[in-house]
Structures are given as C-alpha cells and as structure tokens.
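Remarks on the overall topology
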Amino acid sequence: MKKPFVSLEQIQEIKKTYPTPFHIYDEKGIRENARAVNRAFSWNKGFREYFAVKATPTPGILQILKEEGCGADCSSYTELQIAEAVGITGHQIMFSSNVTPAEDFALAAKLGAIINFDDITHIPFFEKIAPIPETVCCRYNPGGVFQVSNEIMDNPGDAKYGMTKEQMKEAFRMLKEKGAKHFGIHSFLASSTSSNVYYPMLSKILFELAVELKNELDIHIAFINLSGGVGIPYHPDEEGCDIMAIGEGVRKVYEEVLSPAGMDDVAIFTEMGRYMLAPYGALVAEAIHEKHIYKEYIGLDACAANLMRPAMYGAYHHITVLGK
Ligand SMILES: Cc1ncc(COP(=O)(O)O)c(C=O)c1O
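**Describing the sheet that holds strand E5 (residues 114-117)**
Paired through their backbone hydrogen bonds, the strands of a sheet run either parallel or antiparallel. Read around the closed barrel, 8 strands run E2-E3-E4-E5-E6-E9-E10-E11, paired in parallel fashion. Averaged over all neighbouring strand pairs, the angle between strand axes comes to 25 degrees, with direction disregarded. Looking at chain direction, strand E3 (residues 71-74) and strand E4 (residues 93-96) are connected through 3 bridges and run parallel. Its bridge partner being in E4, cysteine 74 is matched across the sheet by phenylalanine 95. Contacting E3 and E4, helix H4 (residues 77-85) crosses the sheet at an angle of about 165 degrees to E3.

Here it is, written out as structure tokens:
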C-alpha cells in the first residue's frame, strides 16, 4: 500500500488557504532523499547530483535541493533562468541539451555552466557564440540495445541523443585543440529503471571509454555523468531501488576500472529527476460529482491542465482517496 505523506486532516486545513486543486510537496522527504543520495556516493570526493530541472521546474524545489548540495541539470533557456534565479551558476549547472538554439548556448556560457555537447556539429556552432571553455563534456551513445541479463532495458541505437565512439574521439580531439583542458563523459541509456545494476553497468561502459579516451588522446577526464534513469515504484506492489546498493555498485566498478588506470580523481555526477522528486509530490483534487451510467465516474475539480502527463502517454499515477 502507498502511504501518502499528508493526511486528510492536514489537507482539510491547507484547503482553507489554498483551495483545490493544488500540488503539494514533501520538503522533509525531498531533503532526506537528497541526503541519502549524497551518502550513497560519499566515497567519491567530487560527487554531485545535478537535479534534472525538467522533472519539476519549480524554483522553490530547486532552492531546497541547492541547500542539500545539489546542482542543476538544465536543458533549455527557461531552465537556465530558473537555476540562475535561485543562485545556481557556474559549474553547479550541467547544460545537457540537444537541438540547442544559439540563445540557449549563449546563456549557458554566460552563466559559466558545464556544456554537455550532444553532437559533434554543436562544437563549431557553439564557437560562433562563445569561446570553448576549459571544462567541457560530450554525450555518448554506444548504439545497439542496452540489456541486463535477458531483459532489454532500452534501445540507445534508436535514440537521437549523443555521439558514436568515433565521434567522441574526434570531438575530444577538436576540443583539446581549441583549448579545453578537463573533459567529462555523459550518457543516458535507460529510463525509469527498477534494477540496482543499471548505474553500475552504465559506469562500466563509461569508465572503460574514459580510460580509452585518456590513453589515446592524452587528456584529463575530470568527471563522468551517469545522468538520470533511476526509477521509482509507481505501483503499490513494486519495490523501489536501493540507492546505497547502487552507490556501492558504482564504487566497485570505479575500483576495478578507473583506480588501476590512475584515474582516482574522476568525479561522479548524476542527473536524476524522477528519483529525486516523484515520490515527494502530489496533486490534490476534490471529488465533486458521481456519475452512474455504463461505468462509474468520479468527477474531480482537477483536469489535464493540472496534470498533463497521464493523458499524454499513459503513464501510471497512483491515486489515493484520503481518509478511505
Ligand atoms: C539529459 C537528461 N538528464 C536527466 C534526465 C532525468 O531523468 P530521470 O528523471 O529518469 O532521472 C533526463 C530526462 O529526460 C534527461 O533527458
């Protein structure tokens, strides 16, 4: 059973000031979860979670996460503005965008964000807007299908994001020539995963690539960004991921692959959205009608304008009738 973080009595009290429908967030839950994430990766000196702003583009939420030591993963101009509004700037911003407009790159450069190039052609495009920064990142797409044992987790070969291995090499070579000194690697291979092995498996792919790039191009790999993809239990009968086991799994791969290559200074970044916030927010609505025809209907005072997502692609959102 899913236990809501707020009671019927509390909602009745809140409703006197804020009539339904409204969204409500569990600040305590958000903070405790962010602390658990930081604990799980505390073995890594440079670890930082860059909250995926797209997951809840609300300045108040970003402020809470900032206070817990998180940065911001921005993918658009507006998300950059939201980060700036709460004082998240410089390397506390990862700009992970694609099909990027010139104005977005210009604002990211002005804020001193870490630019994550989605494509090799974005490098000359960016150069017309701002000089290549000393610290840069490129997004990797290994192609094919990504599977854990027999289960296909996702299909990177079908996704528009990131560069091939050859393009990564070419991009890093190009960036080095243009003055970049510290390099990051980013990849997002599966979404909404329920297994604790997703990040460790992704780490193995990215750490091995990092060693290859470092040796071949003689460059400093400063960080590896595992991006998002850690899922949450949507259905009451599902089990959630264990963030401590995930952090430990990544540490083991780090010690197997990066440490022997003398790359102990590589920082691990994450860019989780769903895992950081989905369990800690709810839409509160009131049932205002009952309709009995061929089926039973409960009419709410909320509609798709208040929560668009289920209508768009059938995502599951658990409904709790408070007090029942
Ligand atoms: C570049 C990037 N980073 C991070 C995320 C967050 O992913 P999640 O909510 O699965 O953690 C997304 C989601 O679309 C993304 O596109």
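**Quick word on the site of the ligand**
Around the ligand, 13 residues are found, and the nearest of them are Lys54, Gly229, Glu271, Gly273 and Arg274. Between the ligand and lysine 54 there is a distance of 3.5 Å, counted from an oxygen atom to a side-chain nitrogen or oxygen. Between the ligand and glycine 273 there is a distance of 2.9 Å, counted from an oxygen atom to a backbone nitrogen or oxygen. Starting from 400 Å² of accessible surface for the ligand in isolation, the protein chains cover 83%. In terms of residue class, the shell around the ligand is made up of 3 nonpolar, 5 polar and 5 charged.

**As for the state of the cysteines**
Using the criterion set out here, one finds 0 disulfides in the structure. You can see cysteine 137 has no disulfide; the closest cysteine sulfur is in cysteine 138, sitting 6.6 Å from it. Its relative accessible area of 0% is what places cysteine 137 among the buried residues. No disulfide involves cysteine 241; its nearest neighbouring cysteine sulfur is the one of cysteine 70, lying 17 Å away.

**Some points on a nonpolar patch on the surface**
On the surface, Ile293, Tyr294 and Tyr297 cluster together into a nonpolar patch covering about 420 Å² of accessible area. With respect to the helices and strands, the residue tyrosine 294 is situated in the loop between strand E13 (287-292) and strand E14 (296-300).

**Concerning the domain arrangement of the protein chain**
Along its sequence, the protein chain is carved into domain 1 (1-21 + 285-324) and domain 2 (28-281). A C-alpha centroid distance of 34 Å is found between domain 1 and domain 2. Counting from both sides, the interface comprises 6 residues of domain 1 and, opposite them, 8 residues of domain 2. Buried surface at the junction of domain 1 and domain 2, both sides included, amounts to about 590 Å², of which 60% is carbon and sulfur. Taken as a group, Lys2, Phe5 and Tyr316 account for 71% of the area that domain 1 buries against domain 2, more than any other trio of residues on that side. Here domain 1 and domain 2 share 0 salt bridges between them.

**Let's talk about the packing of aromatic side chains**
This structure, assessed with the given rule, holds 14 aromatic pairs. Centroid distance tryptophan 43 to tyrosine 254: 5.3 Å. Interplanar angle 70 degrees. Geometry classified as edge-to-face. Of this pair, tryptophan 43 sits in the loop between helix H2 (27-40) and strand E2 (48-52) while tyrosine 254 sits in helix H9 (residues 243-258), and the two are 211 residues apart along the sequence. Take tryptophan 43: its relative accessible area is 27%, and that puts it in the partly exposed class. Note on tyrosine 254: relative accessible area 5%, which makes it buried. Taken together, Phe41, Trp43, Phe47, Phe207 and Tyr254 form an aromatic cluster joined through their ring pairs. Here the basic side chain of arginine 48 rests over the ring of tyrosine 50, its NZ or CZ set 5.9 Å away from the ring centre.

**What to know about the nonpolar core**
If you look at the biggest cluster of nonpolar residues, it comprises 84 residues, and the most contacted ones within it are Phe117, Phe172, Leu175, Ile185, Tyr199, Ile221 and Ile224. Top contributing element to this core by residue count: helix H8 (residues 198-217), with 10 residues. When residues no more than four places from it in sequence are discounted, the contact partners of phenylalanine 172 are Cys138, Phe183, Gly184, Ile185, Leu213, Leu217, Ile219 and Ile221. Counting residues in each nonpolar core, the second largest holds 8 residues, with Tyr50, Cys137, Phe223 and Phe269 among its members.

Thresholds, definitions, all that
- Residues numbered from 1 in each chain as written.
- Predicted model: local features only at pLDDT ≥ 70, side-chain atom pairs only at ≥ 80, totals over all residues.
- Heavy atoms only, no water.
- Pairing = 2+ DSSP bridges.
- Helix = DSSP H or I, 4+ residues; strand = E, 2+ residues; numbered from the N terminus.
- Axes fitted to C-alpha atoms, helices over the stretch in contact; angles between N-to-C directions.
- Contact = heavy atoms within 4.5 Å.
- Near = heavy atom within 4 Å.
- Polar contact = N/O pair within 3.5 Å; in protein donor to acceptor, adjacent residues only side chain to side chain.
- Areas by Shrake-Rupley, 256 points an atom, 1.4 Å probe, with all protein chains shown as cover.
- Nonpolar A, V, L, I, M, F, W, Y, C, P; charged D, E, K, R; others polar.
- Disulfide = S-S within 2.5 Å.
- Buried < 20%, exposed > 50% of the residue type's maximum accessible area, 1.4 Å probe, protein only.
- Patch = residues over 30% accessible without salt bridge, like charges linked within 9 Å, V, L, I, M, F, W, Y side chains within 5 Å.
- Salt bridge = Lys/Arg side-chain N within 4 Å of Asp/Glu carboxyl O.
- Domains from an automatic or database assignment.
- Buried area = accessible area lost by both parts, 1.4 Å probe.
- Phe/Tyr/Trp six-rings, centres within 6.5 Å; stacked < 30°, edge-to-face > 60°.
- Lys NZ or Arg CZ within 6 Å of the ring centre and 35° of its normal.
- Core = buried A, V, L, I, M, F, W, Y, C linked by side-chain atoms within 4.5 Å.

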